[in-house]
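Notes for the structure review
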Amino acid sequence: MEKANNTNLNFLLGGGEMGRLTREKDWSKTTLGSPQFWSQSLRTTLGIILNSKFPMFLFWGEELTCFYNDAYRPSLGKDGKHPSILGMKGADAWQEIWHIIKPLIDQVLAGGDGIWREDELIPIYRNGLMEDVYWTFSYSPVNDESGKPAGVFVACTETTEKVFTQKKLVKSANELQNLFENAPFSLMVLEGEDLVITLANKLTKAITQRPDEEFVGKRLHEIVPEAIEQGFDVLLKNVMETGITFNASEVPVNFTFDGKSGTHYLDYSYQPFNEMGKPKGIVSIAIDVTEKVLARQKIEKSEEKYRSIFESIDEGFCVHELILDENNKITDLLFREVNEAFEKHTGVKNAKGKRVRELFPQVEQHWLDSFTIVYKTGEPVRVEGYQADAQRWLTTQYSRIGGEGSRLIAAVFNDITERKQQEQKQGYLLELSDELKTITDPHEIQSTAVTQLGKYLKSARAGYAEDGGDGDTIVITRNYIDGTPSIEGTYQYNDYGPELVKELRAGRIVVRNDIANDASLVSAEKEAHALLQLGAMVNVPLVKNRQLVAILFVHFTKAHHFSEQELALIEETAERTWAAVMRARAEDALRHSQQTLHSFVTTSSSVVFNMSADWQTLNMMDGQGFLTSRENASTWLNDFIPDFERSKVSTAFKKAIQQKVMYELEHQIIDITGELAWVDVRAVPIFDEGKNIVEWIGAASNITPRKNAEEALRKTKEQLELSISAGTIGIWTLDVKNNSLYWSKQQCELYGLSENEFEGTTEAFWKFVLLEDQERLKKESAQHFVDKKTELVQQFRITRKDGKQRWVESRNRTQFDELDMPAYITGINLDITAEKSFAQELENKVIERTLEINRQKAFTETILNSTPDLIAVYDLDTRLLALNKASEDLFNIKKEDIIGKIYTDVFPFAKGGQGEKDLMRAFNGESVHNEVYFSAVTGRSYENFILPLRDETDKIYAAVAIAHDITESLKTTELIRQSEEKFNKLFSASPLALTLSEIQSGQVVDVNEVYVEITGYDKSESIGKNSINLNLINSKSRKNILAEILKNGFVKNLEVEITHKNGRIIPVLLSTETIQIGDKEYFLSAIINITERKNAEQKIIESAEKLGEKNLELERINKELESFNYIASHDLQEPLRKITTFINLIEMNKFEKELTEKYFYKINDSAIRMSKLIQSILDFSRISKTKVRLINIDLNKVLADVEDDFEILIQEKGATIKSMPLPVLKANALQMHQVFANLISNSIKFSTKKPEIIIEAKEVSHKDIAVGASQFKSNAEQKFIQLTFSDNGIGFASGFKDKIFEVFQRLHGQSEYSGTGIGLSIVKKIVEAHNGFISVESVEGTGTVFTITLPKTS
Amino acid sequence: MKLQLLSFLIDDDLDDQEIFSVALKEAYPTMQCVFANDGLKALDKLTNDLSFVPDFIFIDINMPRMDGIQCLTELKKLPHLAAIPVYMYSTSAEPQTVVQCKHLGATDFVQKVSDIRKLEEILKKVFQTL
């Protein structure tokens, strides 16, 4: 027991509640006894404890009696040990943990060092229950005056909260780690210049094809050396240096993940992140967008397929979009799509995107109205029309694309110009012939012919100039004019110029297409032409019997290029006009003769570019306002491609050139504004016949910069705060005025000095204090003297004599003298190094932890805030817990304003929406993934993930929603899809039958509806089979097709026959070519059913035949008319002239009787002769094929009748007629009679002896009548009847064999033999009218044999 | 010395022979006239009888066996008749035929006309060339 020290109980002064309780406690009942008996060391220690703000506890004496201070109190909780354990025996007070702490206490009391424990779980009873409490504490021995440990000083702090925070932090980090690890995106964090991997998740390892390797801590190039080879290091370093995020879209990479192997498409993002304002590293995120890309590629491929098809086919087509007014009335049409052939066929250039009214302002409403039916009913409409610009005739089929209400109309053009032209020409000639036939006036004929021609050719003037008969003049009686002066009148040949006349006389057509620019004309001639308003002309001469008889001319006021067809038509017209004029003249003459005789005798039809073969020169590019338009640019690579893309681009095109395949690449490009843009570039090689690349045609499309899709990131957790404090107690007293400093023994020990070693001055003290702390201490003291606070607590560092550095806490009080100047200062020093180092360590740890957390936070926030994706975290009540910057920007809200609010309160219209439901699903543990999600809140479309967040007990406490905006990409996909649909519809709606088939197998890949219609095989029957399987094309056609393909590589409008499923043969035009779709080649075949065309052609052939017949008839008629002309001008004139002359002579001889009688006899003779002639001519002219009525006639009867007629003559001449039995024949009875009569009478007439006539008949076959058989269209089976008439008459020289049948070829003088000279002509004409022919053999003076061959008809 | 002038008409039409002789008598009474019924006969006479050298030769065009144009062609091949004027004598005088005959060596064309007095006038003009 200590002896009572009652001088001072000052040590118990202050100390707050515990000070009070300690003072008030009746210590006499304890083993320690009353405080006045307490040892100095206990007193000092308690003084410190009670006045310290650090939680402190003291076990003292044999019973380890408990003391503690106010700061310690909270650790005892409520309803616990406080205040009962004050003064209690340690073993009683800490019963529950005595087994833990007793050994520690014993250790310290046994003279061991102090003990330091950190975050140790020591559950204690408090707050009414046993609680898990974590402690960080130190046990230090407190020696009594004997220098032996008498108690244990405990400085401690409860770290329960810190430990829990740390645990939570760890859990949070684990959670994040877990989330990252299994995220549906690849995440990798690279730090430092060496690109050390500090994080890499499962997908990252899969992508780099190193699923099992440990990444963290290694440098990127160690793990993924190929990344360096591919230039990624440069790229990454660039990101680090510039701080600019790098994005790449849809990069194909091969790897296996989730069991799916093969090519995956990834959207990459490299984002820099900073720490303390300095670039620290890169967050690499890659999202697998394979499914999206594949879906789009599929559509693109399909779209490309149809587009290729339509660009390849030779039929012109376009897609119109109808423009409607509010009443659904069509006001205009827009050209949505056109193919190359469209321009070719219609002559309309660059129509795409333009409106019809824009291109053809004069278009009439009724034309637009004609689309109403197509639009409303979907019924296709077919229109035929002439395209003046292209000078083509086209049929156009308009069909609606899509169902009711669709405003897209497909138009497919078919060029029918050739057919039309032929039809027109035939029609024109037929009409001309028919019209001219009925006209009798030669001038009217000329006028009609030139008017028809002029109108048909749309010429300014046309006329028919006839030779004046004198070889000098030429007469234009009537001409056709259209806006030009008439040039009717008589002209001198010389007016035409000698050269022109020379050409014309030689029978050569003179054509001047462009007189104004004709180098062969002198200016005077040009002036003369100009006077007549001549821009172009053609002169067709008609030369007959080597004489120029007429010129048909056609004039145009402007230059006009006469086509072959036009010239042929003009020539034909000229010939026909001449023939018609001649016929009319002959008829006229005949009519005139008849009239004269009567008077005398009695009462008659998208940015495209073009690249040279080697890609060195950009030949042409129309930039479309997106890129700069260029031509012949050899610097395009530098101009358009940013440097980091150049090698990629050149590698790609070199590959394409080498492999002769399509070039396809997505890369960045410098756009017209100089900004970087992403493009999808495709180019196809154009080959020559030798399969050498000639050039490339390509297209670059501006692909909407794909978003760097990203994934969810976490909720962050908060920091912790910690504080702590703790010391040997030294006592000192300063006599300020005498500068005398007293240090106790403990104080000296504290400073490493032995007792009394201290010099006793303030200067000696300052030597120990670390320089950097001195100034602060002095300042604090000075302030303290001013403030005059009761106690000054200072902490500072000292360097002990042994050189060790310690932390010391000083608590001192100052006594002031009567002048208020400090007189005495008393204080204690406590070594608080342990606490300090603990606190320091703690602080360091907190700083370190905070840094780590901040880093993680910064990193997380970098991800969260740099992503354009929307990220939000909701708690189970759908309260918004976190929101990233993109969301703030989009909703134009501040995080602070909405955090903690229920999200449907913030966005009321999202109530009951899918978003809310998806959240509930996530709260139920489901990972929700919507490939397309339309947000009512933003009005945009997203791909989104809603993932549950779980705590350590796996309980869901929140959900994170990540939404990636795919509106633009959807739009693109939708556009492609629409385009695909459009082309697909076109494919199926095309009026051409189309098939797409594989090259090797010939198997059909696709067919359209028209194909099904034409062939009868439906889609399912066609696809997968080839034409051989279906027996569609016969072997001959197939051979032809293959031969063409082998020869040219394609087939163009080859006429073949296909066999319909029902066996019907259908004529078609087949075109086949190879087209490239993606990287595969196919045959695209277009089949046009030409049955209709064939029919039309047949019609043309028929009409041509008809025309040919007409021409033949015309020729024959003309020939006859020539004869008639001759007859009218000669033979008929003769008797007329004689009659006149003889009347004349009668008058001259004054009606002298004898002479008058003689002349009247002669007049009568002439009149009879003339009437016979006219009768013969009439007979002759009446014989025509069309008029022959055929009946069965018995030739024996015909012969008998003729013998009857010539009875007298036969008797006179003593003639004999011998005949074998003759056959019955289908013929015209009267005409046969005439044949027999004419031949028999000739035989009787032209004879000097008694005529002997022998008539024979026999049946012969085709081969027996080689001569003249060509006239018969009949086949080899045709049988003929051959009749021969032989006589013993005078005969004729063989040279006259052909002449004898001509009209008025009398071979014998009128004086010797009578006859009109027309009989044999009639015979010939009758025989020919019966489709037979006649020939003659004769020996002069011996006799003649006529052979008539007639077809035997049944 | 030849005092008697001689015309030679080649025509198959007997009526025309008569009409020609009537007109000739009026136009040139002292002129003698010889006829031939066709071209072959005329050529026979002119070739075989070299003493028969007419002062004027008239040839009808439309004749059997050998027509007037053939006859003219053959006749012009006879050198001793080269200086003798040959007239074509025909009903129709189509310009083409006229040109053709002149080209073949005919002096001129005498048309068979209805009015015998006109014929006389024409013949007078022909003989004025003497």
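The structure presented is a predicted model; accordingly, all values stated were derived computationally and were not measured.

**Points about the overall build of chain B**
- Check the secondary structure of chain B and you find 5 helices and 5 strands.
- Its helices and strands taken in sequence order, chain B reads β-α-β-α-β-α-β-α-β-α from the N to the C terminus.
- Burial analysis of chain B (130 residues in total) assigns 37% to the buried set.
- Of all intrachain contacts in chain B linking residues separated by at least 6 positions in sequence, the fraction that spans at least 24 positions is 68%.

**Points about the overall build of chain A**
- A tally of helices and strands in chain A yields 41 helices and 51 strands.
- By the burial criterion, 36% of the 1354 residues in chain A qualify as buried.

**What about the nonpolar core?**
- Counting 74 residues, the largest nonpolar core has Phe58 and Ile59 of chain B as its most contacted members.
- Excluding its chain neighbours within four sequence positions, the residues that come into contact with Ile59 of chain B are Ile10, Gly68, Cys71, Leu72, Val86, Met88 and Tyr89 of chain B.
- Residues Ile48, Trp94, Ala150 and Val808 of chain A belong to the second largest nonpolar core, which totals 47 residues.

**Structural notes on the sheet that holds strand 6 (residues 134–143) of chain A**
Residue and element names in this part refer to chain A.
- Strand order in this open sheet of 5 strands is 2-1-7-6-3, and the pairing throughout is antiparallel. The open sheet has two edge strands, strand 2 (65–68) and strand 3 (115–121), and neither has a second partner. When the angles between neighbouring strand axes are averaged without regard to direction, this sheet yields 20°.
- As paired elements, strand 6 and strand 7 (residues 149–158) share 9 bridges and run antiparallel to each other. Across the sheet, the residue bridging to Thr136 is Thr157, located in strand 7.
- In this fold helix 2 (residues 40–51) packs onto strand 1 (56–60), strand 2, strand 6 and strand 7, with an angle of close to 160° to the strand it touches most, strand 1.
- Packing of helix 4 (residues 98–109) onto the sheet brings it into contact with strand 1, strand 3, strand 6 and strand 7, and relative to strand 6 it is tilted by some 30°.

**Some thoughts on helix 1 (residues 14–27) of chain B**
Residues and elements named next belong to chain B.
- With 14 residues, helix 1 extends 20 Å from end C-alpha to end C-alpha; this agrees with the ideal 20 Å at 1.5 Å per step.
- Asp15, Asp16, Ile19, Phe20, Ala23 and Leu24 are the residues of helix 1 that are buried. The arc enclosing the buried residues of helix 1, seen along the axis, measures out at 165°, which places them on a common side.

**Observations concerning unusual backbone geometry**
Residue and element names in this part refer to chain A.
- Cis rather than trans, the peptide bond between His82 and Pro83 has omega equal to -5°.
- Mapped onto the fold, Pro83 is located in the loop between strand 2 and helix 3 (90–93).
- You will see that Leu195, though not glycine, has its phi angle at about 55°, which is positive.
- The topology assignment puts Leu195 in the loop between strand 8 (185–191) and strand 9 (196–200).
- Positioned with a positive phi, Lys660 is a non-glycine residue whose angle comes to about 55°.

**Comments concerning the packing of helix 38 (residues 1195–1205) of chain A against helix 40 (residues 1229–1245) of chain A**
All names here are of chain A.
- Contact pair helix 38 / helix 40: the axes reach a minimum separation of 9 Å and the direction vectors enclose 50°. The pairing of helix 38 with helix 40 is recorded here as oblique in orientation. Relative to helix 40, the crossing made by helix 38 is right-handed. Where helix 38 approaches helix 40, its residues Leu1195, Val1198, Leu1199, Asp1201, Val1202 and Asp1205 are matched on the opposing element by Met1232, His1233, Phe1236, Ala1237 and Ile1240.
- For the contact of helix 38 with helix 40, the residue count by class is 8 nonpolar, 1 polar and 2 charged.

**Concerning the pairing of strand 3 (residues 56–60) of chain B**
Residue and element names in this part refer to chain B.
- Within strand 3, 5 of the 5 residues are buried, which leaves it mostly tucked inside the rest of the structure.
- The alternating pattern of strand 3 places Phe56, Phe58 and Asp60 and Ile57 and Ile59 on opposite faces, both of which are buried.
- Examined bridge by bridge, strand 3 and strand 4 (residues 86–90) share 4 bridges and lie parallel to one another. Of the residues in strand 4, the one forming a bridge with Asp60 is Tyr89.
- Handedness of the β-α-β unit built from strand 3, helix 3 (residues 68–75) and strand 4 comes out right-handed.

**A look at the pairing of strand 4 of chain B**
Residue and element names in this part refer to chain B.
- Here strand 4 lies mainly inside the structure; 5 of its 5 residues are buried.
- Along strand 4, one buried face is formed by Val86, Met88 and Ser90 and the opposite face, lined by Tyr87 and Tyr89, is buried too.
- Pairing between strand 4 and strand 5 (residues 108–111): 4 bridges, direction parallel. Bridging from a neighbouring strand, Tyr89 pairs with Val110 of strand 5.
- For the segment spanning strand 4, helix 4 (residues 95–104) and strand 5, crossover handedness is right-handed.

**Quick word on the packing of helix 1 of chain B against helix 5 (residues 116–127) of chain B**
All names here are of chain B.
- At a closest axis distance of 8 Å, the pairing of helix 1 and helix 5 adopts a crossing angle of 60°. Overall, the two elements helix 1 and helix 5 adopt an arrangement that is oblique. In this structure, helix 1 crosses over helix 5, and the sense of that crossing is right-handed. Of the residues in helix 5, those touching helix 1 at Ile19, Val22, Ala23, Leu24, Glu26 and Ala27 are Ile116, Leu119, Glu120, Leu123, Lys124 and Phe127.
- Its residues placed into classes, the contact of helix 1 with helix 5 shows 9 nonpolar, no polar and 3 charged.

Cut-offs used in this document
- Residues numbered from 1 in each chain as written.
- Chains lettered and ligands numbered in written order.
- Predicted model: local features only at pLDDT ≥ 70, side-chain atom pairs only at ≥ 80, totals over all residues.
- Helix = DSSP H or I, 4+ residues; strand = E, 2+ residues; numbered from the N terminus.
- Buried ≥ 20, exposed ≤ 12 C-beta atoms within 10 Å, placed from the backbone.
- Contact = placed C-beta atoms within 7 Å.
- Core = buried A, V, L, I, M, F, W, Y, C linked by C-beta atoms within 7 Å.
- Pairing = 2+ DSSP bridges.
- Axes fitted to C-alpha atoms, helices over the stretch in contact; angles between N-to-C directions.
- Expected span 1.5 Å × (residues − 1).
- Arc of directions from axis to C-beta.
- Parallel < 35°, antiparallel > 145°, perpendicular 65-115°, else oblique.
- Left-handed = near helix turned anticlockwise from the far one by under 90°.
- Nonpolar A, V, L, I, M, F, W, Y, C, P; charged D, E, K, R; others polar.
- Right-handed = clockwise from strand over helix to strand, strands pointing away.

These values are about where atoms sit, not about what they do.
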